[in-house]
Amino acid sequence: MCGIVGYIGTQKAEPILINGLLRLEYRGYDSAGIATIENNGIKNIKNKGRVNDLLSVKGIENLKGTIGIGHTRWATHGKPSSENSHPHLDNSNTFAVVHNGIIENYAELRKDLESKGYHFLSETDTEVIPNLIHYFYNKSNLQGELKFLSAVNETCKMLKGSFALEIISSDYPDSMIVVRKDSPLVIGTSPTEHYISSDIPAILSFTKDFYLLNDLEFAYLSRNSIKFYDSALQEISKTATSIEWSAAAAEKDGFEDFMLKEIYEQPKSIRETIGSHIIKDGKCIIDGLDLSKEYLQTINKIFIVACGTAMHAGLACKTVLEQICEISTEVDIASEFRYRNPLINKNTLCIFISQSGETADTIAALKLAREKGAKTIAISNVIGSSISREADYTIYTHAGPEIAVASTKAYTAQIMLLDILALYLAETLEINLDKVEIIKKELLEIPSKVEECLALAPEVKEFANKVYKEKDIFFLGRGLDYSSSLEASLKLKEISYIHSDAYAAGELKHGPIALIENGITVIGILTVPHLVEKTVSNLQEVITRGAKTLIVTNQDLGDKKFDKVIRIPEASEYVSPILSIIPMQLFAYYISKEKGLDVDKPRNLAKSVTVE
Ligand code: G6P
C-alpha cells in the first residue's frame, strides 16, 4: 500500500517524480504529493485525489529542484485529504519525509513529541517521523553527513511497525537518505543520478541496475555516489543487481488497460515460467530449489499459505500435490493461518505464494512456520522482494511486471510453477513417475491452449455485454472447478463491483439456492470429467428456478439448455484451472469496461497489501 518514489540527479525532479508516481498508483490512489529542494528550501505540493490532479495544484509548475521525493497514498491513518497526504514536514520545515508502511506506536510517539512542544497538522502515523528526526538532529553534537544520518537512525530505533522512508533536508540540499524495514524500496542507479521506488517497473525506463536494501540498512545518496550503512552506522558495501525486464514490459503496449495486456501476455508468461524451471535432460529442475529424497520422505504434510488470488492458485494445485506427491496438502489464508496456532513441525513443508513478495500477512505466516521448525519455500514474481529474504528457498514465477491491481498472469504462472513443483517433488521421491511424464507433456502444451482460450474473447464479450447490469452473479463448480469459481468470482467483484459468490455446486441446496430467482446469472465451470454430470444436475436446478446460465467447459454437454457455452481446450483436471480461468478473466474485464469503470485501479483496493 502506498507508493514512494525519489530522484537525485541533474535533471528537474518534478516530471520524473510524477512519471514514477503514475506507475505506482496501483499501490494506492486516494492522494498524492511531491517535495523538492528549491533554492529557498523545501517546497511541498500535495493534494487529495489522483496523481494527475496534483498537476493542477498551484506552484507545481515552478518546481526546479533536482532532488525530490513523492508519494501516492492508500489511506490508513486519517481520511484522504491534503493535510494527510505525504510528504510530511517537521515543524521547522527542515526535513521532508515520505513513508510506506505503518507506525504502530505513533500515538505514544506523538504524545511524547507534543509534550516537547511539537505540534501536528495531520492525523497520520507518518508525521511523527520528520519531527523525531528534527528532535534527534537538534540534540546531536555530530557534524556533516553523520549528523543527518544519525538523526534518521535514532528515529528508526523509536519506530515500531513497517516503513520504507525517503528523507530530504534543506540543511543537506545535495543529499537524500533512504531506509526500509518490512516495506519495499529499491534504488535504481547510474553514474550521475539515482532513482528510488517502491518497485522496479516504475523506474525501469531510467535504469536497469538496482540496489536492494535489507531491513534497517541505510543509503546516503548524493548525485554521484551512494554510501550504505548498517543499523550501527558502519559503512557496508553492496553490489547492484541488473534486472532483465524490459521497460516496455511495464508499458501498456497498445492495449487499452494493463489488465487486458496482462491477460494476453499469459501464453508468454507461462512459457517463460516453464522455460526457467522445467525439464532439463528430461527431469524437472527448479531454479533455486534443492531438496533431497531423504528430507522429502520425512514430510507428512504440505501447507500452502497465501492471500487473495495467490491463495486461489494454491487451491488449484492441492489435488496435484496430494495425488502425485502422496502428501496431505492444506491450503490456508495467511491472515487466518498466522493466528490459529497451526500444527507445524520439522516434518511440515510450508509453501508461501505472493506475487509481490510484500504481503504482510503472508510474510508473517512464513516467519511463524520457520519459528516452528518447518522448511519454507516462497513463490514470488519479484526478485529480491521481502519474502525472499525470509524463506529457506525462493522460486520465481517469470510473469514479468504485473501492474493491474486484479492479478491475472501472476495467477496462471503460480499454478504452473506449483504444478512443476509437484512434479519435482514426485520425481525426487521417485513415485508416480508414469503420471509425472504425462503431466509434463501436458504442461508443455498449456501455452498454446491458453492462446486458444484467448481467441474466445469475442464470445465472452458478447455474453458480458448482456449481463453487465446485473446486481448479483453466482459461480458454481466442483473439485478444482470450485477453486476456479472462487477466483472467477473474486476477479468479477474486484473490478466490476457486482456482488458475486462462488459455491461448491454440491452445497447449492444447503442454502445458496434460496438466492436464485428469475433472471439471475449463474456461471458453471465444468472441467473435471467425473464431476460434470453432477454439476450439470445442479445447474438444471437453477435453470428450473429461472436462472440464466453461462458454462465454461472442456466436455461435450450434449443438447443441454444453457444460455451460452464457452468451449475451452481439453486438458486433464490437474492443469485445466489454468485454462478455465482465462474466459473468466475476460468476462470480468469486459463487464468492468462496459460499466465504464477503472479496470486497472478498482476502488478501495491496492495491489500490494503491506498492512494486516
Ligand atoms: C491484494 C491484491 C490481489 C492479490 C493479493 C495477494 O489483495 O489486490 O490481487 O492477489 O493482494 O497479493 P500477493 O502480492 O501476496 O500475491
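Here, every reference points to the structure presented above.
Anyway, here's the lowdown on the structure attached to this text. Bear in mind that the values here come from a model prediction, so they are computed numbers and not experimental data. (Residues numbered from 1 in each chain as written. Predicted model: local features only at pLDDT ≥ 70, side-chain atom pairs only at ≥ 80, totals over all residues. Heavy atoms only, no water.)

1. Details of the packing of aromatic side chains
So, point 1. A full pass over the atoms with the stated rule returns 15 aromatic pairs.
So, point 2. Aromatic pair Phe 148 and Tyr 172: ring centres 4.7 Å apart, planes at 25°, arrangement stacked. Of the two residues, Phe 148 sits in helix 5 (residues 144-158) while Tyr 172 sits in strand 8 (residues 172-181), which places them 24 residues apart along the sequence. An identical accessibility class is assigned to Phe 148 and Tyr 172; each is buried.
So, point 3. With a centroid separation of 6.4 Å and 80° between ring planes, the pair formed by Phe 337 and Phe 352 is classed as edge-to-face. Placement of Phe 337 in helix 10 (residues 334-337) and of Phe 352 in strand 18 (residues 348-354) is noted, with a sequence separation of 15 residues between them.
So, point 4. Judged by relative accessible area, which is 0%, Phe 337 ranks as buried.
So, point 5. Put simply, the rings of Phe 95, Tyr 137, Phe 148, Tyr 172 and Tyr 220 pair up and form one aromatic cluster. (Phe/Tyr/Trp six-rings, centres within 6.5 Å; stacked < 30°, edge-to-face > 60°. Helix = DSSP H or I, 4+ residues; strand = E, 2+ residues; numbered from the N terminus. Buried < 20%, exposed > 50% of the residue type's maximum accessible area, 1.4 Å probe, protein only.)

2. What about the nonpolar core?
So, point 1. Leu 425, Met 584 and Phe 587 are the most contacted members of the largest nonpolar core, which has 120 residues in total.
So, point 2. Here the element with the most residues in this core is helix 13 (residues 409-429); it accounts for 13 residues.
So, point 3. For Leu 425, the residues in contact, after removing those within four places along its chain, are Leu 291, Leu 296, Ile 302, Leu 321, Cys 325 and Leu 349.
So, point 4. Residues Val 97, Leu 109, Tyr 172 and Leu 233 belong to the second largest nonpolar core, which totals 29 residues. (Core = buried A, V, L, I, M, F, W, Y, C linked by side-chain atoms within 4.5 Å. Contact = heavy atoms within 4.5 Å.)

3. Focus: the packing of helix 15 (residues 457-467) against helix 18 (residues 576-594)
So, point 1. In contact at an axis separation of 8 Å, helix 15 and helix 18 are set at 45° when each is read in the N-to-C sense. In terms of orientation, helix 15 and helix 18 fall into the oblique class. Judged by the twist between their axes, the crossing of helix 15 over helix 18 is right-handed. Packed against helix 15, whose contacting residues are Ala 457, Val 460, Lys 461, Phe 463, Ala 464, Asn 465 and Val 467, the element helix 18 presents Pro 583, Leu 586, Phe 587, Tyr 590, Ile 591 and Glu 594 at the interface.
So, point 2. For the contact of helix 15 with helix 18, the residue count by class is ten nonpolar, one polar and two charged. (Axes fitted to C-alpha atoms, helices over the stretch in contact; angles between N-to-C directions. Parallel < 35°, antiparallel > 145°, perpendicular 65-115°, else oblique. Left-handed = near helix turned anticlockwise from the far one by under 90°. Nonpolar A, V, L, I, M, F, W, Y, C, P; charged D, E, K, R; others polar.)

4. Here's the deal with the layout of surface pockets
Regions of empty space are outlined by a rolling probe, equal in size to a water molecule, passed over the atoms.
So, point 1. Considering only enclosed or pocket space, the largest pocket measures out at about 660 Å³ in volume.
So, point 2. Looking at the largest pocket, it is lined by 32 residues, and the ones nearest its centre are Cys 307, Gly 308, Thr 309, Lys 607 and Val 609.
So, point 3. Looking at the lining of the largest pocket, the elements with two or more residues in it are helix 9 (308-325), strand 18, helix 11 (360-371) and helix 16 (480-496).
So, point 4. Per element, the largest residue contribution to the lining of the largest pocket is five residues, and it comes from helix 9.
So, point 5. A class-by-class count of the residues in the lining of the largest pocket yields 15 nonpolar, 13 polar and four charged.
So, point 6. Counted as a void, the second largest pocket has a volume near 480 Å³. (1 Å grid on protein atoms, 1.4 Å probe; cavity = no way out; pocket = protein on both sides within 12 Å on 5 of 7 lines; lining within 4 Å. Points joined across faces, edges and corners; volume = space filled by probe spheres on them.)

5. Here we look at the sheet that holds strand 10 (residues 194-197)
So, point 1. Ordered by their spatial adjacency, eight strands build an open sheet running 3-2-4-1-10-9-11-15, and the pairing between neighbours is antiparallel. Each edge of the sheet is formed by a strand with only one pairing partner; in this case those strands are strand 3 (41-48) and strand 15 (241-242).
So, point 2. By the bridge criterion, two bridges tie strand 11 (residues 209-212) to strand 15 in an arrangement that is antiparallel. Counterpart to Phe 210 in the pairing with strand 15 is Thr 241. (Pairing = 2+ DSSP bridges.)

6. A closer look at the pattern of salt bridges
So, point 1. Applying the stated criterion across every chain, the model contains 34 salt bridges.
So, point 2. Of the charged contacts, one joins Lys 227 and Glu 145 as a salt bridge, the two residues approaching to 3.0 Å between their closest N and O atoms. Of this pair, Lys 227 sits in strand 13 (residues 225-229) while Glu 145 sits in helix 5, and the two are 82 residues apart along the sequence.
So, point 3. Judged by its relative accessible area of 27%, Lys 227 falls in the partly exposed class.
So, point 4. Across the salt bridge formed by Glu 256 and Lys 593, the nearest N and O atoms sit 2.9 Å from each other. Of this pair, Glu 256 sits in the loop between strand 15 and helix 6 (258-264) while Lys 593 sits in helix 18, placing them 337 residues apart in sequence.
So, point 5. The class of Glu 256 is exposed, set by a relative accessible area of 55%.
So, point 6. Each member of the salt-bridge network shares a partner with another, and the members are Lys 181, Asp 182, Lys 367 and Glu 390. (Salt bridge = Lys/Arg side-chain N within 4 Å of Asp/Glu carboxyl O.)

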